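# An overview of the molecular structure
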Amino acid sequence: MRYVSTRGQSPAVGFTDAVLGGLAPDGGLYVPQTWPTIPPDEIAAFAGQPYAQVAARVLGAFAGDEIAPADLRAMCEEAYATFSHRAVVPMVQIGPQTFIAELFHGPSLAFKDVAMQILARLYDHLLGLQGRRQTILCATSGDTGGAAVEAFRGAKNVKLVAMFPKGRISEVQRRFMTTATEPNIACVAVDGTFDDCQAILKDAFQDQVLKQAVDLAAVNSINFARIAAQAVYYFTTAAALGAPDRAVNFVVPSGNFGDAYAGYVATRLGLPIRRIVAATNANDILARAFQTGRYARGAVQATLSPAMDIQSASNFERLYFEGVGREPVETTRAFQAFANAGVVDIPPAALATMQALFTGVAIGEAETARTILVTLNETGELIDPHTAVAVAALRHVALEGPVVVLSTAHPAKFPQDVAKACGVTPDLPRGVATLAGRPERFDHLPGEAATIKAYVRAFAEA
Ligand SMILES: *Cc1c(COP(=O)(O)O)cnc(C)c1O
């Protein structure tokens, strides 16, 4: 299995290099050169299979011969054993033909765990095969850091430095990072905003001396292995509802478009999906793109669903590449234009192919809060604000057949907002409840790139 860049200027690479490399050297995103497929009878047989078994099959289609099947199976079993629910991604029915898939039973209570838990094991394994060690630097405004720390703590070949803006993330979010005791994890509270952290991150990745010295890597959502891991629950949930004989619909709370794009990947593998609804909050770049054909950045607004407060959806480039018939010159032109001017007009033929599968819906703050209350009243289910955006989107689209709404965070990650919306304060699940009592460990540094880069280097070389 080979991977090509959406910009067409980098050589094709194998699975290992696509995973460990992240972004392609030409600035594009890796996609499989040809899409593997899973036959319909195998998809039907996924119904009720252990989650780890389906994950090994789907990821194996992308890894090709670069990972031994038994190793991949063992990594998947370990990754999903960290989830507190034996089904890993259980479903709850909330109405006729309408189901919620709970993606939040992982260690940090957010759907990022589903991909990050397996990604960490893939990294450690692939680096071990090469006798290589990497240092991962990440900047977090909330969920990604906690999921990364939970996934990479104890890894043999990876050290992780997680930066967060001091005083600007919630206590629960901070504690998911700072209570890790493993020596390969370092947390840094940075004086400044999340944008300052992002700027430091960018500076570090542009510093070739540092990059070489510590073999610097990132684990952001453009990594194709994360996308592949997210395609898995489209299969498990759809098969449970009668796929491939019945085509299922999905409603996906969307920000960077990794999760919804993973649904597209599932269709390329052979899963029939009738429609994917990309539900956004007021940061509606994706909703507008699918509605109007104009992919245009707006100003970022703070909302009740902060993990989706994004106005440039990185993974959209992958769908665009497919939409324009895998034409790298046109993809490069479009995304350079987007970087410069913040706007791309999607060619009509490409838009038509996108609209054949995707619908975009944007939901405002009042409707999000009201949906938390109405869902509790009508079903007894307490949902978080990200999930509420997707449930609210159901009222704006007519879908035929079964619908799966992806629930991306546990309500206890956003206790104040949930309580304000519906009057009920969600409890932290058992196991996580002890977080509050555990000692924290982090360093506090000024928001200066030079200081933080020196810190990363010293930590990596210690
Ligand atoms: C990251 C995240 C999202 C958005 O997913 P994308 O893949 O970026 O579209 C939605 N909800 C929660 C809780 C998240 O953490």
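Below, the structure is looked at part by part. Throughout this description, residue numbers start from 1 for each chain and increase along the sequence as written. With the structure being a predicted model, the display of local features is reserved for residues of pLDDT at least 70 and the display and counting of side-chain atom pairs for 80 or more, all residues being used for whole-chain, interface and lining totals. Hydrogens and water molecules were not included; the side-chain quantities draw on all heavy atoms of the structure.

A count of helices and strands for the chain gives 19 helices and 16 strands. Its C-alpha atoms give the chain a radius of gyration of 21 Å, near enough to 23 Å, the size a compact globule of 462 residues would have. Reported as C-alpha extents along the three principal axes, the dimensions of the chain are approximately 55 × 50 × 50 Å. Taking as baseline every contact in the chain between residues at least 6 positions apart, the subset at least 24 positions apart corresponds to 75%. Carbon and sulfur atoms make up 51% of the accessible area of the chain, which amounts to about 17,600 Å² in all. Each charge class in the chain can be summarised by its mean position, and for the 38 positive and 43 negative side chains these summaries are 1 Å apart. Where helices and strands are cited, they refer to DSSP runs of H or I of at least four residues and of E of at least two residues respectively, numbered from the N terminus. The globule rule is 2.2 Å times the number of residues to the power 0.38, and the radius of gyration it is compared with is taken over C-alpha atoms. Pairs of residues are marked as contacts when any of their non-hydrogen atoms sit within 4.5 Å. Here the Shrake-Rupley method, with its probe set to 1.4 Å, supplies the accessible areas, and only the displayed protein chains count as covering residues. Charge counting follows a simple rule: Lys and Arg are positive, Asp and Glu are negative, and His as well as the terminal groups are ignored. For charged residues, the charge sits on one atom: NZ in Lys, CZ in Arg, CG in Asp, CD in Glu.

Attention now goes to the nonpolar core. Here the nonpolar core consists of buried residues drawn from Ala, Val, Leu, Ile, Met, Phe, Trp, Tyr and Cys, with membership extended through side-chain atoms lying within 4.5 Å. Whether a residue is buried, partly exposed or exposed follows from its accessible area with a 1.4 Å probe, protein chains only, as a fraction of its type maximum: under 20%, in between, or over 50%, in that order. If you look at the biggest cluster of nonpolar residues, it comprises 119 residues, and the most contacted ones within it are Tyr 123, Phe 152 and Phe 316. Sorting elements by how many residues they give to this core places helix H10 (residues 224-240) first, with 12 residues. Ala 279, Ile 363, Leu 376 and Cys 422 belong to the second largest nonpolar core, which has 25 residues in total.

A separate point is the pairing of strand S5 (residues 98-102). Looking along a regular strand, one sees the side chains alternate between the two faces of the sheet. Burial analysis of S5 places five of its five residues in the buried class, the great majority of the element. Residues of S5 alternate between two faces, with Thr 98, Ile 100 and Glu 102 on one and Phe 99 and Ala 101 on the opposite face, all of them buried. By this definition, two strands are paired if DSSP reports at least two bridges between them. Judged from the four bridges that link them, strand S4 (residues 91-95) and S5 form a sheet pairing that is antiparallel. Its bridge partner being in S5, Val 92 is matched across the sheet by Ile 100.

Moving on: the site of the ligand. Near is defined per residue: the residue qualifies when any heavy atom it owns lies within 4 Å of the molecule or strand. Close to the ligand lie 15 residues, the nearest being Lys 112, Gly 255, Asn 256, Asp 259 and Thr 408. One of the side-chain N or O atoms of Lys 112 is found 2.6 Å from an oxygen atom in the ligand. By the criterion applied in these results, polar contacts are pairs of N or O atoms within 3.5 Å in which, for protein atoms, one can donate a hydrogen and the other can accept it, and in which residues neighboring in sequence qualify only through two side-chain atoms. Measuring from an oxygen atom of the ligand, one finds a backbone N or O atom of Asn 256 at 2.8 Å. Computed on the free molecule, the ligand has an accessible area of 380 Å², of which 97% lies beneath the protein chains in the complex. Under this grouping Gly is polar, as are all residues other than the nonpolar Ala, Val, Leu, Ile, Met, Phe, Trp, Tyr, Cys and Pro and the charged Asp, Glu, Lys and Arg. The residue makeup of the shell around the ligand, split by class, is six nonpolar, six polar and three charged.

Ordered by their spatial adjacency, three strands build an open sheet running S2-S1-S3, and the pairing between neighbours is antiparallel. In this open sheet, the two edge strands, each paired with only one partner strand, are strand S2 (13-14) and strand S3 (30-32). As paired elements, strand S1 (residues 2-5) and S3 share three bridges and run antiparallel to each other. Note on S3: the bridge partner recorded for Ser 5 is Tyr 30.

Multiplying 1.5 Å by the helix residue count minus one yields the expected span of that helix. End to end, helix H11 (residues 258-269) covers 16 Å across 12 residues, agreeing with the expected 16 Å (1.5 Å per residue, within 8%). Of all the 12 residues making up H11, 10 are buried; the element is thus mostly covered by neighbouring parts of the structure. Along H11, the residues that are buried comprise Gly 258, Asp 259, Ala 260, Tyr 261, Ala 262, Gly 263, Tyr 264, Val 265, Ala 266 and Leu 269. Two residues or fewer after H11 comes Gly 270, characterised by a positive phi angle close to 120°.

Another point: the sheet that holds strand S16 (residues 443-445). Strand order in this open sheet of five strands is S9-S6-S7-S8-S16, and the pairing throughout is parallel. Edge positions in the open sheet fall to strand S9 (216-217) and S16, since each of these has one partner strand only. Two strands pair when backbone bridges link them, and strand S6 (residues 134-139) and S9 are joined in this way by two bridges, in the parallel orientation. Within S9, the position partnered with Thr 135 by the bridge is Leu 216.

Paired rings are identified among Phe, Tyr and Trp, the last through its six-membered ring, by centres lying within 6.5 Å, and are further divided according to the angle between planes into stacked (under 30 degrees), edge-to-face (over 60) and tilted (the rest). Inspection of every chain in the model, using the stated rule, returns 24 aromatic pairs. When the ring of Phe 257 is compared with that of Tyr 261, the centres are 6.5 Å apart and the planes differ by 45°; the resulting orientation is tilted. Look at Tyr 261 and you get buried, because its relative accessible area is 0%. In this analysis the charged atom, NZ for Lys or CZ for Arg, is taken to sit over a ring once it is within 6 Å of the ring centre and within 35 degrees of the ring normal. Above the ring of Phe 459, the side-chain terminus of Lys 159 is found at 5.2 Å from the ring centroid. Sitting above the plane of the Phe 338 ring, Arg 297 keeps its charged end 4.5 Å from the centroid.

Relative to the elements of secondary structure, Lys 166 occurs in the loop between strand S7 (158-165) and helix H7 (171-178). In this structure the C-alpha to C-alpha distance between Lys 166 and Ala 189, which are 23 residues apart in sequence, comes to 4.8 Å. Contacts of Lys 166, omitting those with residues within four sequence positions, involve Ala 189, Val 190, Asp 191, Gly 192 and His 444.

Next up on the list: the pairing of S7. Judged by how many residues are buried, S7 sits mostly within the fold: seven of eight residues are covered. Tracing the backbone out of S6, into helix H6 (residues 143-152) and back to the parallel element S7 gives a crossover that is right-handed. In the sheet, S7 pairs with strand S8 (residues 185-190) via six bridges, with the strands oriented parallel. Paired with Phe 164 across the strands is Ala 189, a residue of S8. Here, the term right-handed applies to a crossover whose path from the first strand over the helix to the second runs clockwise when the strands point away from the viewer. The parallel pair S7 and S8 is bridged by H7, and the resulting crossover is right-handed.

Looking now at the side chain of Thr 280. Mapped onto the elements of the fold, Thr 280 is located in strand S11 (residues 273-280). Residue Thr 280 is classed as buried on the basis of its relative accessible area of 1%.

Put simply, Ala 243 and Pro 244 share a cis peptide bond, and its omega is 5°. Note that Pro 244 resides in the loop between H10 and strand S10 (248-253). In the Ramachandran plot, Gln 97 falls in the positive-phi region, its phi being about 60° despite a non-glycine side chain. A positive phi angle is found at Leu 109, which is not glycine, with a value near 65°. Tracing the sequence through the fold places Leu 109 in the loop between S5 and helix H5 (112-130). Taking relative accessible area as the criterion, Leu 109 reaches 3% and is therefore assigned buried.

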